[in-house]
Amino acid sequence: MANQITGGNKMKHLLKKGVLLILVLAFVATFGSGCKKKKEPLSEQVAASVKESIIYGDEVILWQAVLEDSSGITEWNDDNKAALKDSLKGRIEEIAILAQMARDSGLVLTEEEKTEIDTQAQQFFDDMPAEIKEQGLTVETAKRAFYNDALVGKIYDKTIAEYTPSEEEVNEALNNDQTYVESVTQDPDYYMQKVTVKHILIKTINDDGTPKSEEEQAKAEETANDVLDKVRSGEDFVTFVQEFSEDTGSLSTDGEYTFGRGEMVPEFEEASFDMEIGEIRLVKTDYGWHIIRLEAIPEITTEDYESYQNSLDQYMDQAFASMSSYLQSQYFWEQYEINSKDYIV
């Protein structure tokens, strides 16, 4: 499920009709101190409670770790703290409410599901960094979080089963998607056309992908320009491929590739499809300097057209299914917005 994390503006510290018993988030102390370990067990601190659905303080730390991992955040600072706190509050609120919605709908986890979740939770805990465990997390923390997450999945499945978008609805949505429209209306020749090139690669990166030194990069550029001048003057291209090219994957074919659009890095592709047969260009990519010569533009065959049509049909079917799922997801969150009002006011 593509969870849309809501902001923290929905969080209200209220006690009304016994529905929202506690909604206390001790974020200032937790985040302001870099999530230092509490004197009292985090598992005994209630972070959020909706009816009988409780999110404890140690789960806050767990979901913080998940949020940081998915966001690529390694440090909370003045620039990102407010936004991250709102995202975390929203995530916790949603989990508490949706898990309780599932229970209120009579949805439960089977013993088999619980056993599987217990195994996953144990593995998750075992793989968790020591510094996260030191915040007070236990395997029981992971189990509670995973149980709630599974219940969220059940209420999601139950809710979207109520709504199947019509063909007209899906097609209307697709026709409003610019990327989809451009893909299905583009000239078929644009996608089917291929080119055959030979190239010589003078790398500006090391084998591990790190950049070479400035001196080495300058030398690579000098070598590339020198080779370019020589092959443009009529010297044998293949000889220079075998002598200078660092693209080991194409040495056995004398530096030759035949490819269509979307198969090469953008700079290489753009130059190759823009050249005249026999033309030679020097192109820079993240890999280094490429001396490219256009060898041929293969003719598009009947088989190419048939293959393209089959691929287009598959793409349209997949796009239809994806859009249908997306509309169901939208329906789910619309229902959540409506029904969550019964849990938090």
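1. Here's the deal with the packing of helix 8 (residues 178-185) against helix 13 (residues 302-339)
At step 1: Look at helix 8 against helix 13: their axes get within 11 Å of each other, and the N-to-C directions meet at 160 degrees. Compared by their axis directions, helix 8 and helix 13 come out roughly antiparallel. Crossing geometry of helix 8 relative to helix 13 is assigned as left-handed. Contacts between helix 8 and helix 13 involve Thr179, Tyr180, Ser183 and Val184 on the former and, on the latter, Tyr308, Leu312, Tyr315, Met316 and Ala319.
At step 2: For the contact of helix 8 with helix 13, the per-class residue count stands at seven nonpolar, two polar and no charged.

2. Looking at a negative patch on the surface
At step 1: A surface patch of like charges, here negative, comprises Glu167, Glu168, Glu169 and Glu172.
At step 2: Position of Glu172 among the secondary structure elements: in helix 7 (residues 167-175).

3. Examining the side chain of Lys143
At step 1: Along the chain, Lys143 falls in helix 6 (residues 139-160).
At step 2: If we ignore the near neighbours within four places in the chain, the residues touching Lys143 are Asp118 and Ala121.

4. Some remarks on helix 4 (residues 111-127)
An α-helical segment advances 3.6 residues per turn. Residues three or four places apart therefore align on the same side.
At step 1: Its 17 residues place the ends of helix 4 24 Å apart at the C-alpha level, agreeing with the 24 Å of an ideal helix rising 1.5 Å per residue.
At step 2: Three or more residues of helix 4 are buried, namely Ile117, Ala121 and Phe125. One face of helix 4 carries all of its buried residues, which in axial projection span an arc of 70 degrees. Across from the buried face of helix 4, at angles greater than 90 degrees, the exposed residues are Glu112, Thr119 and Asp127.

5. As for the pairing of strand 6 (residues 288-296)
At step 1: Two strands pair when backbone bridges link them, and strand 3 (residues 195-203) and strand 6 are joined in this way by eight bridges, in the antiparallel orientation. Paired with His199 across the two strands is Ile292, which belongs to strand 6.
At step 2: Counting the residues between successive antiparallel strands, the hairpin from strand 5 (residues 280-284) to strand 6 contains three residues.

6. A look at the environment of Asn206
At step 1: Within the secondary structure, Asn206 is located in the loop between strand 3 and helix 10 (214-232).
At step 2: On a C-alpha basis, the gap between Asn206 and Tyr287 in space is 9.1 Å, while along the polypeptide they are 81 residues apart.
At step 3: Filtering out sequence-adjacent residues up to four positions away, Asn206 remains in contact with Pro211 and Lys212.

7. Quick look at the packing of aromatic side chains
At step 1: Scanning the model with the defined rule gives eleven aromatic pairs in all.
At step 2: Geometrically, the ring pair formed by Tyr191 and Tyr308 is stacked, given 6.1 Å between the ring centres and 20 degrees between the ring planes. With Tyr191 in helix 9 (residues 188-192) and Tyr308 in helix 13, this residue pair connects regions lying 117 residues apart in the sequence.
At step 3: An aromatic cluster of three or more residues is present, and its members are Tyr156, Phe332, Trp333 and Tyr336.
At step 4: In this structure, Arg261 packs its charged tip against the face of Phe273, placed 4.1 Å from the ring centre.
At step 5: For Lys284, the ring lying beneath its charged end belongs to Trp289, and the centroid distance is 5.9 Å.

Cut-offs used in this document
- Residues numbered from 1 in each chain as written.
- Predicted model: local features only at pLDDT ≥ 70, side-chain atom pairs only at ≥ 80, totals over all residues.
- Heavy atoms only, no water.
- Axes fitted to C-alpha atoms, helices over the stretch in contact; angles between N-to-C directions.
- Helix = DSSP H or I, 4+ residues; strand = E, 2+ residues; numbered from the N terminus.
- Parallel < 35°, antiparallel > 145°, perpendicular 65-115°, else oblique.
- Left-handed = near helix turned anticlockwise from the far one by under 90°.
- Contact = heavy atoms within 4.5 Å.
- Nonpolar A, V, L, I, M, F, W, Y, C, P; charged D, E, K, R; others polar.
- Patch = residues over 30% accessible without salt bridge, like charges linked within 9 Å, V, L, I, M, F, W, Y side chains within 5 Å.
- Areas by Shrake-Rupley, 256 points an atom, 1.4 Å probe, with all protein chains shown as cover.
- Salt bridge = Lys/Arg side-chain N within 4 Å of Asp/Glu carboxyl O.
- Lys, Arg positive; Asp, Glu negative; His and termini not counted.
- Charge placed at Lys NZ, Arg CZ, Asp CG, Glu CD.
- Expected span 1.5 Å × (residues − 1).
- Buried < 20%, exposed > 50% of the residue type's maximum accessible area, 1.4 Å probe, protein only.
- Arc of directions from axis to C-beta.
- Pairing = 2+ DSSP bridges.
- Phe/Tyr/Trp six-rings, centres within 6.5 Å; stacked < 30°, edge-to-face > 60°.
- Lys NZ or Arg CZ within 6 Å of the ring centre and 35° of its normal.

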